[in-house]
Each structure stands twice: as structure tokens, then as C-alpha cells.
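If you want the building blocks of each chain, they are given just below.
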Number of protein chains: 2
Amino acid sequence: MSTINDVSRLAGVSKATVSRVLSGSRGVKEASRLAVLKAVDELNYRPNVIAQSLLSQSTGCIGVICAQDNVNQTTGYLYALEKHLSQHQKHLLLRFANTKTEVMNALDELSCGLCDDILIIGARFPLQIEQENVILVDCMESDNVNSIQFDHAFAAETACTFLASQGRRQIALIQPQGSGFADQILLGYKHALEKNFLPFNRNLVFMEATSSSVALQELLHNASTLNFNALLVADEQEAQRVIPQLQAFNKSVPGDIMVFSLAGSLHLPGIPTIPAIEYSMDAMAARIVSWLTEKTQMLGSYVLRGDLIIPDMRR
Amino acid sequence: MSTINDVSRLAGVSKATVSRVLSGSRGVKEASRLAVLKAVDELNYRPNVIAQSLLSQSTGCIGVICAQDNVNQTTGYLYALEKHLSQHQKHLLLRFANTKTEVMNALDELSCGLCDDILIIGARFPLQIEQENVILVDCMESDNVNSIQFDHAFAAETACTFLASQGRRQIALIQPQGSGFADQILLGYKHALEKNFLPFNRNLVFMEATSSSVALQELLHNASTLNFNALLVADEQEAQRVIPQLQAFNKSVPGDIMVFSLAGSLHLPGIPTIPAIEYSMDAMAARIVSWLTEKTQMLGSYVLRGDLIIPDMRR
DNA sequence: CTGTTAGCGCCTTCAC
DNA sequence: GTGAAGGCGCTAACAG
């Protein structure tokens, strides 16, 4: 790889002039400008970004630590983030981490000057981060740190109101253990019931269920008396797990029971889409990038609301 | 962020001694060693990797350009790669690129000293790369470059032999346009037929099909005379697209027709697994990392063979 | 054992 | 307009 010295020698000017031409080109004699450009082209010279980084104290690298348990869900985040980052000449440095220890290790390894800022995505364990340049995205809440939270209460409320509008007035709710945000979701759920004049039935609600399967079985055991016709689950993965189970018990979906995912649905050919709340990865990425690039004001704790997605129900 | 100067000052030694303690610690008086360590701890000093990179001319960053059209498939690659890379103190720099132009742009932006080496994954368009430090993974073939290819002929052969062993002797084959590797797959298909004494019927084979749907309809139109009972498709995505279509035509899967994917199957809860050839992402990542770290011998053109995955067929 | 010196490649004053 | 010098943070070679 050729350096600025090679170029300056070949062009017969000083390093400073080369640098000037390549950055602003302001106040350089046309003759030397051309000479530099020619040399650059001949040597196929590219300024070394590492040397630039050393000087500017910033690399343009953004560390992204994916702590999601559902690896499939990371794709959406990564794709949107990368698209937005690369548009701003920023690079995405990827790490996966499944435990708090792994996250902290990754954080450590990325905080040695390599990354300007770091994102932690989808952690379902508490994290105390002091660093100003770390953003928590869809993580368990924690204070005095920049974060982007999804509005789970709002999601649950939207879901229930939608279901009620569809004539589904017995809405069951299953939250698997450690999915986080259980209280927020319950809050939204209760709000919606109230507003729609629906009674709250605690037998329809399973927070912190050990497994959605067990919770579902309990629900079905009491089906004669309970007779629920809608089921709110945490995310797409839960939904895809629950649907075949319902079918196994001879319940049609969505005929008898409408399954609703509170976080995303699968968009794969051949797999039935279900109604869901989906968070716009694009909006999220845009918000993050604008903070990264401007940084004038604190991000603070930004709350993102999801969109109601209804599959084409004609069939 | 504190620098080596701060540490040396606080510890009352020179920069060189600090550096010695932090790297090898060989031949340093215990007293000064402790002084340095204490200062390091107090200042929470971490050597700046960018400065180290400038000196060593290597950053430990590996660029990964995902050119896959099926974004869901990238997750497998990324997860395996990141795991292996981080174990060797290497960082994964992620880019997505959907066209040749985008790939070349990405390549350009990553080749300015930021990345030691670059991987391009899943490109289905021809790519002429000269650089020695670029590896093509599962890309359309091209010569004089390091690459890891999947053995598609072997996959097709395995698939047919397996299907034949299951009593499926009328094996249809659909390859969508631009999926690449059509000739290799056809080769393996024909080999297997020969070895299993099965006739080759050109009406069962659709290479370069505009859409798998159309090909499938043609197949079904002639179902009375053709009567195929197995269907080879390019990948999991194709499979999931094709299965509901078959069902819509009243063909049970796998009862009437066994669908076989030549590249991976979906492992999601609630979604039926189908027989498939799967390539071990772990093996691939291991191979790549060993080349990256050792680099003693050329990688050349390495061919990876896939594993036959059979779903639990009890139900 | 340890300090001094000289760069890695680049950009930015500051003189000329 | 342009060149020389200094320094970003670090390590390696060379003296002591």
C-alpha cells in the first residue's frame, strides 16, 4: 500500500500539498493539484483511515452487541442499522453476546478506541452501564443512560383494542418467564379492557409463565368455562410455537382463536402471517444514527411505538 | 481517555517501561512493574488499539460483505463467523450489498486500512476480485482468488440417492433463474439417477425457471402422466414457497410429494422441517478463521460438502 | 533493568 | 501557494 510520502515524491510536492488536495483542495495551484491527482491515480493511493483515526480520535466504527436470544430477530435490526450507518460513512462492528458477562466482555473489547459508540440490543438481563457513548436498544430498563425503549404498554393496549373491535372480547395473555416488560404489558392490557368496558379475568392472564405450552394447556383445560377467543403472546417466536398447539387441540386459528404477537411477525413465504405489533426498524435506525452523528442533545430515554400490522385476512 | 503518557508520569517511569509491563513484562523490576500496574488501574488505562494498529499495520478487523438475497440466511453465517472470529481477537465489520456495484463500493470503503481481510458471502453475480486478502464464500465461481464453494453437485447427488432410497423414484427438479450453480446441480442429479438406475426425464427438470410457481404448475398439469413424488428445490425459501402451492393442489407433503431443499431448512418452532442438505456454518467459519490467522498456505478454492438432514418423520 | 529516540501515516499550524 | 515541523498514542531498537 502506498503512502502519502510516495505520492508527494511522485508528484514533486510536499506531503502537506497532497493532503490539501485530497481534503479541501482550497488554495492549491492547478498545476500541482493535477500532479497530485495523477500520482494518486497512478499509485492507486488511498489515505490510511487508521492514521486519520489516530489524529481525529474517532474511527467511524459503531459497535453493535446483539444480546437477543432469538437470533432470527437480529437480522431486522442489523439490516436497518447497517443501511443507515453506511449512508453516514459509519461502520458496523458486530458482536453476539448471550449473557451479562459476555456483554460486558464485548463492551470492554470494543471500548479501546476501536469504536466511537456502542449499541447493545435486546438484553433481557439488567445492565448497569455508565459510559456516555453506549445506547441500550430494547433492553431491560435501567436509568441514567441513553436508551431506546419499545412502548410495550402501548402495544398491548393497541392489540386489545384491535381484538375487541374484531369482536374478540375474551382475550388471554401469556408472557413467558424472563421476557421482561411483563408489568408494562399488563398495564396496557388492563387499560384497554377498561376503555372497552371488558371485564378483567385473572384466569386468562399468565405472566411469568414457565413455558407458554403449560400456560396454554391450562387455558384449554378451562376452555369450556373460559371460552377465550384471542391470545396475546410476547413475540413471533412464541406465536409460531403456540399456533400448532392450538391446532392440535382442534382450535382453528384465527377462526376460533386469534393469536396476536406483541413484537413482530414472521414474513416468510408459506408461513401464515398473524396480526402483530411491529416496530419500525427503519425509524429506530434513523433515530440512532441522528443521535450518533449530531450528538448535540442527549438521547435520554427515547420511547418507540410500534405499528399495528394486520395480515390480509381474505383467506 | 488516559494515555500511556499519563500512566508513565503517574508511575514515575518511562513510556517504554509501561509498554513493556503491559505487553510481555519480561525483564522489568518488580517495583516498577507494580507501580505501573497501580497507575494503570487508577487511571483505568487501556492501550489505544488504533495507535497499535498504525504501528502493526493490522487492525484485527475482518470485513464481511453479505450479498445474499435471502437476508434470513445471513444470520447463520454471521453468528458462526462472529463466534469464531472473536475467539481469535478479531472483529467482524458488517456490510450488506445487493448488487455488484454495492459490493464493489463496500469493498472499496473497507480496503483503506480498516480491514485486514474481507469476506464476500453469497453473491449471485459474477465478481472479478484481484486482491489477495479477499475470500469469496458461496459466491458464483470465479478464478484466481481465494474462495469457499459449496459442493452443489454432491448435494444434488445425495438428495437423489436419499429420495430413491425412500422409494421416491420420480424426482422433479426446479431451479429458479439466477440461483447459480444450475449446471452443477444438474450434474449431480444425473449422476445419482444413473447410479440408481433411474431414467432421466427431461419433463421433470426445470432449470432457469422464471418462477418456481410456474414450473410447479407445469409439473402439476402433467401430473397424470408424470406422476412425480419428490421435488428438489434450491433452498429453504423456495421450499416454503412451494409447499403451500402443492397443498393447494391437493397434494400432501411429504405424503404424495416429498420436498427436498438443496440448501438448508428452516428450524423455527411450528414450521415443518423438511429434508435438506445443510452446510455446517461452524465448519465453514473454522476453515475461514484458520486461513485468516495462519495464512501460511493459500486457501485456494476450498470445497465444502453439506450434511443430509432428515426431519423426525414420525408424524 | 530502564530511558531516549525514532518512527507508523496522516493532518494542521506556522512560517516563508 | 507551499514546505517544514510537530504530534495523535504506541512500540521497537538502541544505548546506557
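- Looking at an unreviewed UniProt entry, one finds chain A named LacI family transcriptional regulator and attributed to Silvania confinis.

## Describing the packing of helix α1 (residues 4-11) of chain A against helix α2 (residues 15-22) of chain A
Between two packed helices, the angle of one axis relative to the other and the distance separating the axes together describe the packing.
Residues and elements named next belong to chain A.
Here's step 1: With their axes 8 Å apart at the nearest point, α1 and α2 run at an angle of 100 degrees to one another. In terms of their interaxial angle, α1 and α2 are classed as roughly perpendicular. Contacts between α1 and α2 involve Ile 4, Asn 5, Val 7 and Ser 8 on the former and, on the latter, Lys 15, Val 18 and Ser 19.
Here's step 2: By residue class, the composition of the contact of α1 with α2 is three nonpolar, three polar and one charged.

## Remarks on the protein's contact with DNA strand C
Here's step 1: Every one of the 24 residues lining DNA strand C counts as a neighbour, but Ile 4, Tyr 45, Gln 52 and Leu 55 of chain A together with Gln 57 of chain B are closest to it.
Here's step 2: Near the protein, within 4 Å, the atoms of DNA strand C are sugar or phosphate in 64% of cases.
Here's step 3: Taking Ile 4 of chain A, its main chain carries an N or O atom lying 2.4 Å from a phosphate oxygen of DNA strand C.
Here's step 4: With respect to DNA strand C, the side chain of Tyr 45 of chain A contributes an N or O atom lying 2.7 Å from a phosphate oxygen.
Here's step 5: Among the elements of the structure, α2 and α4 (49-56) of chain A together with α2 (15-22) and α4 (49-56) of chain B are those that each provide at least two residues to the surface near DNA strand C.
Here's step 6: Here the residues of the surface near DNA strand C sort into 11 nonpolar, nine polar and four charged.

## Thoughts on the relation of the copies chain A and chain B
Here's step 1: Between the two copies, chain A and chain B, the superposition gives an RMSD of 0.1 Å; the rotation angle is 180 degrees and the shift along the axis is 0.0 Å. Taken together, these values place the two copies in the relation of a two-fold axis. In terms of C-alpha distance to the rotation axis, chain A has Leu 93 of chain A as its closest residue, with the C-alpha 2.3 Å off the axis.
Here's step 2: Interface overlap between copies: 100% of the residues of chain A at the interface are likewise at the interface in chain B, consistent with a symmetric, same-surface contact.

## A short note on the pattern of salt bridges
Side-chain pairs of opposite charge can arise whenever the charged atoms involved come near each other.
Here's step 1: All told, the structure shown has 21 salt bridges over all chains when counted by the stated rule.
Here's step 2: Salt-bridge contacts for Arg 33 of chain A lead to Glu 30 of chain A; the nearest nitrogen and oxygen are separated by 3.4 Å. Within this pair, Arg 33 of chain A and its partner Glu 30 of chain A are both found in helix α3 (residues 30-43), separated by three residues, close to a single helical turn.
Here's step 3: A residue is classified by how much of its surface remains accessible, and Glu 30 of chain A, at 45% relative accessible area, is partly exposed.
Here's step 4: For the salt bridge of Glu 82 of chain B with Arg 95 of chain A, the shortest nitrogen-to-oxygen distance reads 3.1 Å. Of this pair, Glu 82 of chain B sits in helix α5 (residues 71-87) while Arg 95 of chain A sits in strand β2 (residues 91-96), on two different chains. Like Arg 95 of chain A, Glu 82 of chain B is buried.

## Observations concerning the packing of aromatic side chains
Each pair of aromatic rings is reported with the distance of its centres and the angle of its planes.
Here's step 1: For the coordinates displayed, the defined rule picks out eight aromatic pairs over all chains.
Here's step 2: Both rings, one in Tyr 189 of chain A and one in Phe 200 of chain A, keep their centres 6.2 Å apart while their planes meet at 75 degrees; by these two values the pair is edge-to-face. Of the two residues, Tyr 189 of chain A sits in helix α8 (residues 182-195) while Phe 200 of chain A sits in the loop between α8 and β7 (205-209), which places them 11 residues apart along the sequence.
Here's step 3: Above the plane of the ring of Phe 154 of chain A lies Arg 305 of chain A, whose end atom (NZ or CZ) is 4.0 Å from the centre.
Here's step 4: Sitting over the ring of Phe 200 of chain B, Lys 190 of chain B keeps its end group 5.1 Å from the ring centre.

## Section: the side chain of Glu 278 of chain A
Here's step 1: Relative to the helices and strands, Glu 278 of chain A is located in strand β10 (residues 276-278).
Here's step 2: When near neighbours in sequence (up to four residues on either side) are disregarded, Glu 278 of chain A contacts Gly 264, Ser 265, His 267, Gly 306, Asp 307 and Ile 309 of chain A.

## Here we look at the interface of chain A and chain B
Here's step 1: Between chain A and chain B, the residue contacts involve 45 residues of the former and 45 residues of the latter.
Here's step 2: Surface buried jointly by chain A and chain B totals about 3,900 Å² across both partners, of which 65% is contributed by carbon and sulfur atoms.
Here's step 3: Counting across the chain A and chain B interface gives 13 residue pairs in polar contact (both at pLDDT 80 or more).
Here's step 4: Put simply, the parts of the chain that give the side of chain A that touches chain B at least two residues each are α4, α5 (71-87), β2, α6 (100-110) and α11 (236-248) of chain A.
Here's step 5: Among the elements that take part in the side of chain A that touches chain B, α5 of chain A stands out by supplying nine residues, more than any other.
Here's step 6: Of the residues contributing to the side of chain A that touches chain B, the split by class is 22 nonpolar, 15 polar and eight charged.
Here's step 7: Pairing of β2 of chain A with strand β2 (residues 91-96) of chain B involves three bridges; the strand directions are antiparallel.

Thresholds applied
- Chains are numbered independently. Their residues run from 1 in the order of the written sequence.
- Chains and ligands are labelled sequentially in the order written, the chains with letters from A and the ligands with numbers from 1.
- In view of the model being predicted, local features appear only for residues whose pLDDT reaches at least 70, and side-chain atom pairs are presented and counted only at 80 or more, with totals across whole chains, interfaces and linings using the full set of residues.
- Side-chain calculation: all heavy atoms of the structure are included, whereas hydrogens and water are not.
- Fitted lines through C-alpha atoms serve as axes, helices being fitted only where they are in contact, and the angles separating the N-to-C directions of these axes extend from 0 to 180 degrees.
- Every helix listed is a DSSP run of H or I at least four residues long, and every strand listed is a run of E at least two residues long, numbered separately from the N terminus.
- Roughly parallel means an angle under 35 degrees; roughly antiparallel means over 145; roughly perpendicular covers 65 to 115; every other angle is labelled oblique.
- Only heavy atoms matter for contacts: two residues are in contact if any of them lie within 4.5 Å across the pair.
- Residues are grouped as follows: Ala, Val, Leu, Ile, Met, Phe, Trp, Tyr, Cys and Pro are nonpolar; Asp, Glu, Lys and Arg are charged; every other residue, Gly included, is polar.
- Whether a residue is near a molecule or strand is decided by its heavy atoms; if any one of them lies within 4 Å of it, the residue is near.
- Polar contact is the term for a pair of N or O atoms within 3.5 Å; when the atoms are in protein, one must be able to donate a hydrogen and the other to accept it, and sequence-neighboring residues count only if both atoms are side-chain atoms.
- Superposing the copies works by least squares over the C-alpha atoms of residues that have pLDDT at least 70 in both of them.
- The working definition used for a salt bridge is a side-chain nitrogen of Lys or Arg within 4 Å of a carboxyl oxygen of Asp or Glu.
- Burial classes: relative accessible area under 20% of the type maximum marks a residue as buried, over 50% as exposed, and values in between as partly exposed (1.4 Å probe, protein chains only).
- Aromatic contacts are taken between Phe, Tyr and Trp rings whose centres are within 6.5 Å, Trp giving its six-membered ring; a plane angle under 30 degrees counts as stacked, one over 60 as edge-to-face, and the others as tilted.
- Counted as over-ring charges are cases with an Arg CZ or a Lys NZ within 6 Å of the ring centre that also lie within 35 degrees of the ring normal.
- A quick way to say it: buried area is the sum, across both parts, of accessible area lost when two parts are put together, with a 1.4 Å probe.
- We call two strands paired when DSSP finds no fewer than two bridges between them.

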